[in-house]
Amino acid sequence: MISFWDLWKRAKTGHQIAEREFDLKLFKIVKNLVKAYDIIYDSKTIIPEDKTLAKDALNAALELITNLGVFYTDDQRIIKVEENEVKECLKNVPREIYVGEGKERIKLMPRNDKKVIVAGGPMGCPVSENIYTKVMYSYAKEPRVEILDTGILETYNEMKVESDSPIDMAAARSEAKHAREAAKMAGRPGLCIIGPSHIKSEAANFASEVLRPSDIHGISQFNELKINLETFKRILFCQTNNYTTAAVQCPLIGGFAGGPEGTAIVSVAEALQGFTISGGKLYYFSPVNMKLSVSTDRESLWVQSVTLMALKQIKAVVGTFIFTAAGPCTEEQCYEIAAQTLTDTICGATIIGGVGGTKGRCIDYYTGMEARIIGDVSDASLKLDASDGNVILNEILKKYEEKQKRGEISKGKSFQECYDLKTVAPSQEYLEIWKEVKKELENFL
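These numbers come from a predicted model, not from an experiment. (Residues numbered from 1 in each chain as written. Predicted model: local features only at pLDDT ≥ 70, side-chain atom pairs only at ≥ 80, totals over all residues. Heavy atoms only, no water.)

**Student:** What's the story with the overall build of the protein chain in this structure? I'm lost.
**Tutor:** Helices and strands together make up the secondary structure of the protein chain, namely 16 helices and 21 strands. Computed over its C-alpha atoms, the radius of gyration of the protein chain comes to 20 Å, within 12% of the 22 Å expected for a compact globule of 445 residues. Summarising its shape, the C-alpha atoms of the protein chain cover approximately 60 × 50 × 40 Å along the three principal directions. Sequence separation of at least 24 residues holds for 78% of the intrachain contacts in the protein chain that already meet a minimum separation of 6. Taking the average place of the 56 positive charges on the side chains of the protein chain and the average place of its 61 negative ones, the gap between the two points comes to 3 Å. (Helix = DSSP H or I, 4+ residues; strand = E, 2+ residues; numbered from the N terminus. Rg over C-alpha atoms; globule rule 2.2 N^0.38 Å. Contact = heavy atoms within 4.5 Å. Lys, Arg positive; Asp, Glu negative; His and termini not counted. Charge placed at Lys NZ, Arg CZ, Asp CG, Glu CD.)

Structure (structure tokens):
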């Protein structure tokens, strides 16, 4: 990693350029790189079987970030990094990261044939204040969950949470407290927490007083290949406290990165940004299709595959998280989760997090059952190869993709509707839905 103050100097003295001009420049360079490296999206082959594609994507990403740089939005300047600097940072990416405490202490490593780490939680999606602890407990009590991923409180002391306000700071800290309490309720007080899910550095850093050095502290990056003052402050805070950090990104398919081919290059480049500039020990990402606002369509799954396979070459710890169109207690969401989990497991994700149902738009539509589904599908997918995966994926996608495109997919049921609030257990209906879908998937897996 390049020193913080060196990067700060570059941010304050770099070439000045309008943001729109930077975006258009990125679009043009990416388009040329797609052509130069002959990167082709194949909708039927979601997990690329061409071994050279991952290498080409990594080389294209390296060329992109060194030629273009990273845009500092507050001063409208470009932070330049040299190829040798990026390569040196990649050599020093940690191959072993320990998180959690006591019996819940785990080791994160670039994954080969080991089990996927399941990160359960609402992942920055909205949750009501009065049931927040129970929602987090529903994840913490799932045996396959080894990391908790926090959601966003809708209110704090019945006051609407507003960004850039004292309420935002208090809410971020409260979320961390609720997550810790949920872990204790589940008899797993040492569980690692990823958080907080707040962009503003003051709120995120205020929450860090509750989080531990053994937790994963998120550093949000901005689309595409951008950084702002808040992120710089967050980086300094985490570096000063020697926290384990994850560079978090949601590259957009259909934006300035272009289609899936360009987005794959940009996604890998933003991982390089995470390791080189943001100081991330790991990269935690989810490409999102702008038209559908999900990570489970064909294009998003393909981008995930290419990114994971590219980053496997540098032996980095990489995690993904899931956004579905459908909500809990539906067959469609089970299939969406299965499709992404299968893809990411085969392609080498260390962590799979989720699930943000209903595109993350509905309050309280997030439950521990979705994390259970991730664990079940991932464990069943460990011995599959790319060829097997593509056959299965094309069958699973038939179950939901047309409904997803037409916006006709079911919103499902809220946490209160599909969980017993006293026992915090999933309803019999939800259990039966997953039992039937799981039985059908077993014909493939």
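So that's the structure; there's more coming.
**Student:** Would you mind going over the pairing of strand S12 (residues 216–220) with me for this structure?
**Tutor:** Regular strands show a simple pattern: their side chains alternate between the two faces of the sheet. For S12, the tally of buried residues reaches four of five residues, placing the bulk of the element in the interior. As judged from the two bridges shared by strand S11 (residues 192–195) and S12, these two strands associate in the parallel manner. Of the residues in S12, the one forming a bridge with Ile194 is Ile216. As judged from the five bridges shared by S12 and strand S14 (residues 244–249), these two strands associate in the parallel manner. Its bridge partner being in S14, Gly218 is matched across the sheet by Ala246. (Buried < 20%, exposed > 50% of the residue type's maximum accessible area, 1.4 Å probe, protein only. Pairing = 2+ DSSP bridges.)

**Student:** Please clarify how unusual backbone geometry should be interpreted in this entry.
**Tutor:** Backbone geometry follows two general trends: most residues other than glycine have a negative phi, and most peptide bonds adopt the trans configuration. For the bond running from Asn223 to Glu224, omega is -25 degrees, close enough to zero to count as cis. Inspection of the secondary structure assignment puts Glu224 in the loop between S12 and strand S13 (226–227). For the peptide bond that leads from Gly354 to Val355, omega is 15 degrees, which places it in the cis range. Mapped onto the elements, Val355 comes out in strand S19 (residues 351–356). Its identity is not glycine, yet Lys359 carries a phi of approximately 60 degrees, on the positive side. Tracing the chain through its elements places Lys359 in the loop between S19 and helix H12 (368–381). Accessibility expressed as a relative area gives 26% for Lys359, which makes it partly exposed.

**Student:** Can you walk me through a negative patch on the surface in this structure?
**Tutor:** On the surface, a cluster of negative charge is made up of Asp42, Glu49, Asp385 and Asp388. You can see Asp385 is positioned in the loop between H12 and helix H13 (386–397). What makes Asp385 partly exposed here is its relative accessible area of 40%. (Patch = residues over 30% accessible without salt bridge, like charges linked within 9 Å, V, L, I, M, F, W, Y side chains within 5 Å. Areas by Shrake-Rupley, 256 points an atom, 1.4 Å probe, with all protein chains shown as cover. Salt bridge = Lys/Arg side-chain N within 4 Å of Asp/Glu carboxyl O.)

**Student:** Looking at this structure, how should I read the sheet that holds S11?
**Tutor:** As a general point, the strands of a sheet are linked pairwise by backbone hydrogen bonds and lie either parallel or antiparallel. Spatially, S5-S7-S11-S12-S14-S16-S18-S19 is the arrangement adopted by the eight strands of the closed barrel, whose pairing is parallel. The mean angle between the axes of side-by-side strands here comes to 25 degrees, regardless of whether they run parallel or antiparallel. Across three bridges, strand S7 (residues 145–149) lies against S11 in parallel orientation. By the bridge assignment for S11, Leu148 is matched with Ile193. (Axes fitted to C-alpha atoms, helices over the stretch in contact; angles between N-to-C directions.)

**Student:** Whenever I open this one, the sheet that holds strand S2 (residues 77–79) confuses me. Can you help?
**Tutor:** Strand order in the open sheet formed by three strands is S2-S1-S13, with mixed pairing between adjacent strands. Two strands in the sheet have a free side with no partner beyond their single neighbour: S2 and S13. In terms of strand pairing, strand S1 (residues 70–72) meets S2 through three bridges, oriented antiparallel. By the bridge assignment for S2, Val70 is matched with Ile79.

**Student:** What is the right way to look at the environment of Tyr419 in this model?
**Tutor:** Structurally, Tyr419 is set in strand S20 (residues 419–420). Assessed through its relative accessible area of 5%, Tyr419 is described here as buried. Those residues in contact with Tyr419 that lie beyond four places of it in its chain are Ser138, Glu142, Thr367, Gly368, Met369, Val424, Ala425, Pro426 and Ser427.

**Student:** Teacher, can you tell me more about the packing of helix H2 (residues 19–36) against helix H9 (residues 260–276) here?
**Tutor:** Two numbers describe how H2 lies on H9: the axes approach to 9 Å, and their chain directions differ by 105 degrees. Overall, the two elements H2 and H9 adopt an arrangement that is roughly perpendicular. Between H2 and H9, the contacting residues are Leu26, Val30, Leu33 and Val34 on the first element and Glu261, Gly262, Ile265 and Val266 on the second. Of the residues belonging to the contact of H2 with H9, the class tally is six nonpolar, one polar and one charged. (Parallel < 35°, antiparallel > 145°, perpendicular 65-115°, else oblique. Nonpolar A, V, L, I, M, F, W, Y, C, P; charged D, E, K, R; others polar.)

**Student:** Whenever I open this one, the environment of Ser138 confuses me. Can you help?
**Tutor:** Its place among the elements puts Ser138 in helix H5 (residues 132–140). When its relative accessible area of 0% is taken as the criterion, Ser138 is described as buried. Considering only alpha carbons, one finds Ser138 and Leu53, 85 residues apart in sequence, at a separation of 40 Å. In this structure, Ser138 is in contact with Thr367, Gly368, Phe415, Tyr419 and Val424, ignoring residues within four places of it in sequence.

**Student:** Could you clarify how one ought to interpret the packing of aromatic side chains in this entry?
**Tutor:** To describe a pair of aromatic rings, one takes the distance between the centres and the angle between the planes. According to the stated counting rule, one finds twelve aromatic pairs in the structure shown. Geometrically, the ring pair formed by Trp8 and Tyr72 is edge-to-face, given 6.0 Å between the ring centres and 70 degrees between the ring planes. With Trp8 in helix H1 (residues 4–13) and Tyr72 in strand S1, this pair connects stretches of sequence that are 64 residues apart. The class for Tyr72 is buried, based on a relative accessible area of 2%. A centroid spacing of 5.2 Å and a plane angle of 80 degrees characterise the contact between Trp8 and Phe232, whose relative ring orientation is edge-to-face. Separated by 224 residues along the polypeptide, Trp8 in helix H1 and Phe232 in helix H8 (residues 229–240) bring together distant segments of the chain. Given a relative accessible area of 23%, Trp8 falls into the partly exposed group. Its relative accessible area of 2% is what places Phe232 among the buried residues. Ring pairing ties together the aromatic residues Phe4, Trp5, Trp8, Tyr72 and Phe232, which thus form one cluster. (Phe/Tyr/Trp six-rings, centres within 6.5 Å; stacked < 30°, edge-to-face > 60°.)

**Student:** Would you take a moment to explain H8 for this structure?
**Tutor:** An α-helical turn contains 3.6 residues, so any two residues separated by three or four positions project in the same direction. The first and last C-alpha atoms of H8 sit 17 Å apart over twelve residues, in line with the 16 Å expected at 1.5 Å per residue. Along H8, the positions that sit buried rather than exposed are Glu230, Thr231, Phe232, Arg234, Ile235 and Cys238. Regarding H8, its N-cap is Asn228, as a side-chain oxygen of that residue lies 3.2 Å from the backbone nitrogen of Glu230 further along. Downstream of H8 by one or two residues, Asn242 has phi in the positive range, about 55 degrees. (Expected span 1.5 Å × (residues − 1). Polar contact = N/O pair within 3.5 Å; in protein donor to acceptor, adjacent residues only side chain to side chain.)

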